[in-house]
Structures are given as C-alpha cells and as structure tokens.
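Remarks on the overall topology
In case you want the letters, here they are:
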Amino acid sequence: MQETNKEITIQDIISKRKEHSKKIDNKLIMKAYDYAAEHHGNQCRKSGEPYIIHPLNVAYILADIGMDEATICAALLHDLVEDTDVTDEDLRREFGDEIAEMVAGVTKLSSMMFESIEERQAEDYRKMFLAMGKDIRVILIKLADRLHNLRTLKYLKRDRQIANAKETMELYAPLANRLGLYSLKWELEDLSFKYLYPEEYHELVEGINKKRNERLKFIEKIMGDIRVELKKQHIDAEVTGRAKHLYSIYRKMKRDNKTLDQIYDLFALRILVNSVKDCYAALGVVHELYSPMPGRFKDYIAVPKPNMYQSIHTTLLGEKGTPFEVQIRTWDMHRIAEFGIAAHWAYKEASYFGKKQSITVEQDKLAWLRETLEWQNELQDPQEFLETLKTELFEEEVYVFTPKGAIKVLPRGATPIDFAYSIHAEIGHHMTGCKINSKMMPIVTELKSGDIVEIITSDNAKGPSIDWLKFIKSTSAKNKIKAWFKKAQKAENIEKGKELIEKELKRIGISYSDLFKTSYIDAMLEKYKYKNLDEMYAAVGFGANSPVKVISRMLQEYRKEHEEENIEEKIKQLQKEKQRKPKTSNSGIIVKGIDNCLVKLSKCCNPLPGDEIIGYITKGRGVSVHRKDCINVKDLITQENRMIDVEWYNENITTYQADIEIYSNDRSGLLVDILKEIGTTKAKILGVNTKTTKERIAIIEVTLEVENLEELNKAQKAIRKVDSVYEVRRKK
C-alpha cells in the first residue's frame, strides 16, 4: 500500500472489492457514493479538490485490505454528519443501523462543552474506543481516514502538519501495529516522519539513494543463491527483497547511536512458502548457506505476537560480513502480517463483539482492547487518559512463561508483580515472593523474554503495597492495585475527599449549603459518572479526581441561577489554584508531593533533562536523583519505601555536566577536529582527557556543559562525523 497520484473512482473501489469477494452488493456501494457526492456538493478540501475525493480514497484503502461493503459504505459516508446537514437519523433511515453506527463511531464530538482541548481530545478517543468495542471496523475506517489525510498533508499549514503527524505517530501508527495492519502502519510512520523531522527525512533518503545500486546488487545475488538452494530441496517458495522502511531505519539509528553507514541491514529478504513445515525447512537452507548472527533469531510462529503476527526472523552474515535480515512465513501468515485483523474479518471478527460465539481470553486477540475499555472509565483526568492510552498502544513487549508452559505477554520492563496480576487479581493481592527460572528473586526484578516465572502467595498476605505502583508497567495491574486500595480505604478516602472539597470552597468564599444542591450535584455526578456523593468523595480523596474539577462543574450550574453574583471570579480563582506551578529545586527537579526539598543529581550517572529519572530518599541528604538505567538503581529499588517519583521541570533552565567517551583510530589532528565539531554545537567543553592504547586506539573523555539531553545528542552526532571516530557514547 503506497501513495498514488491516480484519481480514485467509485468503479476502482468496486473492482478492488471484487478481488476479495465474488458476490458484492454493487447497488449499496453506488447508493452510498451518490448520497455522499450529493450532500458534499461543492465542498472543497484545502488542496482545492472536490471534497468527495477524500471519502473515495478512504473507501479504496479499505477495499484494498479486503473490508466488506458495509465498511466501504460507512467510509464513503463518514464525514457527512460532521461536515454537512445530514443527521444520524437520516443515515439510519437510508442505510440502516450497522452503517450508521460505524459513521457515528468516527464522528467527533462537536456539541459538548469541555474545560480544555485535552479533555475534548480525550473524550473523542474514549468515544472512538467505545465504538471500537462494539465494532472493530470503526477503527479501520479511522486509520484509513488518517492515512489519506497524511498523504495530502502538504496542503495544510506547518503547525497543522506537525500536530497531525505527532498525533499519528503517538496514537494511530501504534494502533495499526496493535491490530497487525503493517501495510498501514509503515506508511503512517514514514509520512509522519517526513513532516515531523523533514531535515532528517531528506538526509536519510539521500543517504540511502547514494548506495542503492550497490545494495541492490548485493541483495539480488543473495536472493538468486537462496532460490537455487530452495529449488534443490524441492521447497516451493517465492523470494523477494524490500528496502526497510525509513522510520524504522531512523529509529534504529537513534536507538543505537549509529550513523547510516553503520546500519547494514537496510534490506530484508522475505521467503513465502506453503506450510509451516516448509518455513522451518527454508530456515535450515538459509542457515546452511550463511552464518546466523547470535541473538538475532526470533520465532514468532511458535510464539505469535498478540496482534496475530507470525513469522521467523533471522539475521545472517553475507559476503564481507555484511548483515541482512530474512523473514520466513506462509502465504496465510503473510496475509495476516499485511492486513492484520482485517484479514480475519470475513470469517472470525464479524462476531467478535456480538453474541454469535463465545471466545475465551486465550483466543481473544483483542484482549488488550477489552482492558482499554475497562481502564478508560477509571481515568477522570484527560491528560492521564491520553498518556496511558499512548503507553498502552506501544507494542514493546516481553514473552514470559508460567511453570506449566503457558505464555504471558507483558509490557517491556514488567516485573513479577505485573505477571501475578495478569494471572488473577487475587494472585497479585496475596503475592509474597517469586522465582524466576527456579531462583528466588526480588518481586521488582525486570522480566526478560523467555523467563519462567513462579509466584509465591500466602493466605496471610496483607495485600499489595502502594509502592508497587512505582515499578509495575501494565495498566491492568495498576488498576487492580488501585481498586484494592480504593475498597480497603474507602471510608478514609471519603473523609479526605470531603475535607479537600470544603477547603476549596472556603478558599473561594462559597458555602457548602449554597453549592451542594440536588440539581447542581446531579449535573456533576452525571459528568463524572459517579453513582452517589460518597463515590465522588472517595475518588477525590484517593486522587482519581480533583476538587477543582468537581466544584467547577457545580459552579457552571450555580451560575445559571445566580447571574448577578460574580461567579466568573470564583471560577478564575479555582483555575489559578489548578495552574499553580510546583516548586522546583535548584537542579530543575520536581519531587512529586514535596516542596522545598533538597535535591542532588547523582554523580554516578549524571542525569540530564530528557532522561527517565527516579528519586531515592537518602538519610539526611534529601533526594538523590538517578537515571532509571543507572547501574546503582537496581541495588536501590530493593528498598521500595525509599524510592520517590521525580520529574524534570522544563521552564527552569539550568546547565548540567555530562561525560562522554570517544573511541577512534589514532591519527594526527584528531583532537583538534573533535573540538572543532563540538564548537559547532551549544555544548561547552569543561575538560578533556586522552589516552592511546598499544593498538593505536585513541580513547578521549570529554566533560561537557549542556542544558538538556537533546543538546548532548547533537554534540555526539557532530563528533560521529569526524573521520576515524567509530564510537561515541555517554559515560556510564
């Protein structure tokens, strides 16, 4: 699937649909097209083209991935309710509930009042996810809609380009990934990359094109050799080569601190065969021909990804030791790899959320979506909802095993606590210890793929520790722990919530009896979906909602009956408190929940703004701040009750020291060239130390003064350009 300049017609859509199904309802598709064309009328897009071109392209993308007529019709109609005078009732009358429900699912909320842009955006996402829970096709329409919008992004102003590309990278591309729609995911990422980082994008395109012919010859020879050997072994296979997608190359360069010249596997080979048996036979052939790279083999056939993706990945060494990747899969696996959940639609997903069949959790490929629908009701704060949603969608995962061999898929960085709660809430609540690969280990140990985890429980366990929330990664485990504390401390939370509400009322000068009237209370309970006042107080006391938001909603109702009073001033007073900035330390760090605290940046890892950090409460010397990947943190986290959440405060510009190590082949003028390159950046040089080994390797240690991690990365990037330098890294 790729961008095309060909103008799409309704006949193209019908033809594409016929490629996937012999029997199609032409009349229904034509009716939807005529209805959309009539009501969009003379509307134009930012490009100046007739508006109908957009729904036609969205419908074509969906026809291409094999979606049914109802989905194609909903795509043709998807902007009518939002952008024309057509109503939901009109669509239900003309096209029935199934199509109208899908259109409603992708229509933004326009008539409701929101306190902030974030709250509006969060509610749009909530609405979309709830619609997705009823019918997964809603999100497929949304993804196709976003893809065509990105293809025509050049017609928008720069600020809108950035906003759309950023939202796509944070939400829609990970969502396509979760659904296994790699054909959409790659293009969403590459187009977003083009607009978010135009300089790096064009630099990468030019760099790849320079050596394109050389690499193509390399890969063509390998493909030829593999085809010959597969034929000898009587394995019926198609061998193809493709360039890796631009954003995946860029991400690898950033992750491994490498230049394009240091990334060798820019091309991947794909071997498509007829059976699983042939997959492993083909693997044997390629391993016979080329040496495999240790640690670069993944068998997603034996252990499929949660999004149904199956394939064998292996990285091999070609001539002159140049690495290249090979993916081996069956034709059915390839169809699922390209179209994900859409590939299953015709025979499985139609009844996924209906009553036609019951699906166990193990079979349910959308268990993560069901969890999303559970936790989204728990999060009242829009920003927290958005952040949790984005975190939940990224598919950084580890695969671990129960002692009986069952597989559990957890977020990267997950602990045995996450594992325990993934089995059952009661296992987590009664957990007292764990064994990893038969060895007793701390319950906050980070799990790795392949670990066998055994949870030790006790009936006498007092329940979870609130400190566990600092270490666990899965939203599901967090919610189960929070729910336990809510239930266990409900009376205490209700009292605390009442106190916080009364304190705010006193501050703005309004009495409890004046504001807490039935009609005002009902409006507030309805907005935040509380059953009664006690539930609201408990939520405020627990920290799931703020007294400011609760009072603000009631003041909106109060204002309707008390126009003569200065209610606006009271609302502004509330908002001022809401926007009060937390006090920061001199080091530019906020310690959550504590003001005026002595804070020191640890010397062992020298954290910089941009690094993930954690605080450790020392004895008598305040809070020591470490990078999360600091080797000393692993020893400290066993003392759970002394860890504390900390964060960088962006507005407080302070300078920080950072030590880097440079490894290079020694030559005349090397140091001068390195210092000259550092001089082109904002980083200041505080000290330099050099030494040369017997093998003529120069090791140069430089201490820099920078404002943040971005400045340090720019300095490192500049140094990598120096001739003879082969590695630049931050000193551990």
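Residues numbered from 1 in each chain as written. Predicted model: local features only at pLDDT ≥ 70, side-chain atom pairs only at ≥ 80, totals over all residues. Heavy atoms only, no water.

**Observations concerning the overall build of the protein**
Along the protein, the regular secondary structure elements total 31 helices and 20 strands. Of all 732 residues assigned to the protein, the portion counted as buried reaches 49%. Taking the contacts inside the protein whose residues are at least 6 apart along the sequence as the reference set, 66% of them involve residues at least 24 apart. Here the protein displays about 37,800 Å² of accessible surface, and carbon together with sulfur accounts for 49% of that area. (Helix = DSSP H or I, 4+ residues; strand = E, 2+ residues; numbered from the N terminus. Buried < 20%, exposed > 50% of the residue type's maximum accessible area, 1.4 Å probe, protein only. Contact = heavy atoms within 4.5 Å. Areas by Shrake-Rupley, 256 points an atom, 1.4 Å probe, with all protein chains shown as cover.)

**A short note on helix α14 (residues 246–256)**
If you check which residues of α14 are buried, you get L246, Y247, S248, I249, Y250, K252 and M253. Buried positions along α14 lie against α10 (158–178), α11 (182–196), α12 (198–210) and β3 (291–299). In the segment just after α14, N257 is the residue with positive phi, at about 55°.

**Focus: the confidence of the model for the protein**
Of all residues in the protein, 80% attain a pLDDT of 70 or more, and the chain-wide mean is 79. For the protein, per-element mean pLDDT is lowest for helix α18 (residues 367–375), which scores 54, and highest for helix α15 (residues 276–289), which scores 93. Predicted confidence for residues 109–114 stays below pLDDT 50, and this span has 10 contacts to residues more than four positions away or in other chains. Counting contacts from residues 345–365, a segment whose pLDDT is below 50, to residues more than four positions away or on other chains yields 30 contacts. (pLDDT = per-residue confidence, 0-100.)

**Considerations on the sheet that holds strand β1 (residues 237–243)**
Taken in spatial order, the 5 strands make up an open sheet running β1-β2-β5-β4-β3, and their pairing is mixed. Both outer strands of the open sheet, β1 and β3, are each paired with one neighbouring strand and no more. Here the strands of the sheet are splayed against their neighbours by 20° on average, with no regard to which way each runs. Here β1 runs beside strand β2 (residues 267–273); their pairing, made up of 7 bridges, is antiparallel. Within β2, the residue paired with R242 across the bridge is A268. Helix α16 (residues 331–339) rests against β1, β2 and β5 (323–330) of the sheet, and its axis sits at about 110° to β5. (Pairing = 2+ DSSP bridges. Axes fitted to C-alpha atoms, helices over the stretch in contact; angles between N-to-C directions.)

**Let's talk about a nonpolar patch on the surface**
Among the surface-exposed residues, L671, L675, I685 and V688 lie close enough to one another that they form a single nonpolar patch of about 260 Å² accessible area. Along the chain, L675 turns up in helix α30 (residues 670–678). By relative accessible area, L675 is classed as partly exposed at 30%. (Patch = residues over 30% accessible without salt bridge, like charges linked within 9 Å, V, L, I, M, F, W, Y side chains within 5 Å. Salt bridge = Lys/Arg side-chain N within 4 Å of Asp/Glu carboxyl O.)

**Thoughts on the nonpolar core**
If you look at the biggest cluster of nonpolar residues, it comprises 95 residues, and the most contacted ones within it are L77 and I271. Setting aside residues no more than four positions away along its own chain, L77 makes contact with A32, Y35, A36, L91, F95, I99 and V103. Ranked by size, the runner-up nonpolar core spans 29 residues in total, among them V625, A658, V702 and L704. (Core = buried A, V, L, I, M, F, W, Y, C linked by side-chain atoms within 4.5 Å.)

**Some words on the packing of helix α23 (residues 490–508) against helix α27 (residues 547–561)**
With their axes 9 Å apart at the nearest point, α23 and α27 run at an angle of 60° to one another. Taken together, the axes of α23 and α27 are oblique relative to one another. Seen from above, α23 lies across α27 with right-handed handedness. Contacts between α23 and α27 involve L500, I501, E504, L505 and I508 on the former and, on the latter, P547, V548, V550, I551 and L555. (Parallel < 35°, antiparallel > 145°, perpendicular 65-115°, else oblique. Left-handed = near helix turned anticlockwise from the far one by under 90°.)

**Quick notes on the packing of aromatic side chains**
For the structure on display, the rule yields 15 aromatic pairs. Here F516 and Y537 contribute two aromatic rings whose centre-to-centre distance is 6.5 Å and whose plane-to-plane angle is 15°, an arrangement assigned as stacked. On the criterion of sequence distance, the pair formed by F516 in the loop between α24 (512–515) and α25 (518–528) and Y537 in helix α26 (residues 533–542) is long-range, its members being 21 residues apart. With respect to class, F516 is no different from Y537; both count as buried. Lying across the ring of F95, K31 places its NZ or CZ 5.0 Å from the centre. Taking NZ or CZ as reference, K185 lies 4.2 Å from the ring centre of W186, over its face. (Phe/Tyr/Trp six-rings, centres within 6.5 Å; stacked < 30°, edge-to-face > 60°. Lys NZ or Arg CZ within 6 Å of the ring centre and 35° of its normal.)

**Quick word on helix α4 (residues 69–77)**
The element α4 is largely enclosed, with a buried count of 9 among its 9 residues. For α4, the full list of buried residues reads E69, A70, T71, I72, C73, A74, A75, L76 and L77.

**With respect to the sheet that holds strand β14 (residues 623–627)**
Within a sheet, adjacent strands bond to each other through the backbone by hydrogen bonds, running parallel or antiparallel. Strand order in the open sheet formed by 4 strands is β12-β14-β13-β15, with mixed pairing between adjacent strands. Where the open sheet ends on each side, the last strands, each with one partner, are β12 (599–601) and β15 (643–644). Bridge analysis of β12 against β14 gives 3 bridges, and the strand direction is parallel. From the neighbouring strand, K600 faces β14, where its bridge partner is S624.

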